[in-house]
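The residues making up each chain are set out below.
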Amino acid sequence: MRIIAAVLLALAGASHAAVIAEARERDIVLQLTDETGPCVGQAKLAVFRQGINAPIQGCYRLNPATLVVHIAFLDGDMAEVPVSLFKRPEHV
């Protein structure tokens with residue numbers, strides 16, 4: 001529930017850029033930030049990292065009704081990730 005609150009706070013306009021939640025599996029990390037980056041409207045910056053490959057940026061929005069994070073990546077891919085897979089970042 002705290003992750004949901006953190007995502008909602010970020011979408012409401014937190015004052016500094018930071019990773020607010022991340023999902024990890026093996027060498028894959030999906031990070032949600034509270035910064036706008038290249039995104040428009042209420043969307044915020046997401047970053048996908050896998051191993052040593054270059055990170056892929058995207059824009060995300062949370063659907064509070066379904067508790068799903070919708071992500072459109074700048075390489076053309078899209079993802080829908082349940083909010084339950086996100087945790088607090090390990091470095092915090």
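All values reported here derive from a predicted model rather than from experimental measurement. (Residues numbered from 1 in each chain as written. Predicted model: local features only at pLDDT ≥ 70, side-chain atom pairs only at ≥ 80, totals over all residues. Heavy atoms only, no water.)

Draft legend 1. Main features of unusual backbone geometry. One non-glycine residue with positive phi stands out, namely arginine 26, at about 50 degrees. Tracing the backbone shows arginine 26 in the loop between β1 (19-25) and β2 (28-33). Arginine 26 sits in the exposed class, given a relative accessible area of 74%. (Helix = DSSP H or I, 4+ residues; strand = E, 2+ residues; numbered from the N terminus. Buried < 20%, exposed > 50% of the residue type's maximum accessible area, 1.4 Å probe, protein only.)

Draft legend 2. Representation of the state of the cysteines in the model. Scanning the entire structure with this criterion turns up one disulfide. Across the disulfide, cysteine 39 is cross-linked to cysteine 59 (sulfur-sulfur distance 2.1 Å). What sets the handedness of the cysteine 39 and cysteine 59 disulfide is the S-S torsion sign, and at about -95 degrees it is left-handed. Here cysteine 39 is found in the loop between β2 and β3 (44-50), whereas its partner cysteine 59 is found in strand β4 (residues 56-63), with 20 residues between them in sequence. Given the relative accessible area of 16%, cysteine 59 is considered buried. (Disulfide = S-S within 2.5 Å.)

Draft legend 3. Structural context of the environment of arginine 49. On the secondary structure map, arginine 49 appears in strand β3. Classification of arginine 49 by relative accessible area gives partly exposed; the value is 36%. Here arginine 49 is in contact with Asp27, Ile28, Val29, Gln31 and Pro55, once residues within four sequence places are set aside. Polar contacts involving the side chain of arginine 49 include one to the side chain of glutamine 31, which spans 3.2 Å. (Contact = heavy atoms within 4.5 Å. Polar contact = N/O pair within 3.5 Å; in protein donor to acceptor, adjacent residues only side chain to side chain.)

Draft legend 4. Main features of the pattern of salt bridges. By the definition in use, this model includes two salt bridges. A salt bridge links arginine 24 to glutamate 22; the shortest N-O distance between them is 2.9 Å. Relative accessible area serves as the criterion here: at 46%, arginine 24 is assigned to the partly exposed category. Under the relative-accessibility criterion, glutamate 22 is labelled buried at 3%. We note a salt bridge from arginine 26 to glutamate 25, for which the minimum N-O separation is 3.1 Å. Among the residues examined, glutamate 25 registers a relative accessible area of 47% and is labelled partly exposed. (Salt bridge = Lys/Arg side-chain N within 4 Å of Asp/Glu carboxyl O.)

Draft legend 5. Just the nonpolar core, in detail. Ranked by size, the top nonpolar core spans 14 residues in total, and within it Leu30, Leu32, Tyr60, Val69, Ile71 and Phe86 carry the most contacts. Those elements that provide at least two residues to this core are β1, β2, β4 and β5 (68-73). (Core = buried A, V, L, I, M, F, W, Y, C linked by side-chain atoms within 4.5 Å.)

Draft legend 6. Local environment of the confidence of the model for the chain. Residues with a pLDDT of 70 or more make up 79% of the chain, whose mean pLDDT is 87. Mean pLDDT values for the elements of the chain range from 51 in helix α1 (residues 2-13) up to 98 in β5. Ignoring residues within four places in sequence, the model shows residues 10-15, a span with pLDDT below 50, making 11 contacts including any to other chains. (pLDDT = per-residue confidence, 0-100.)

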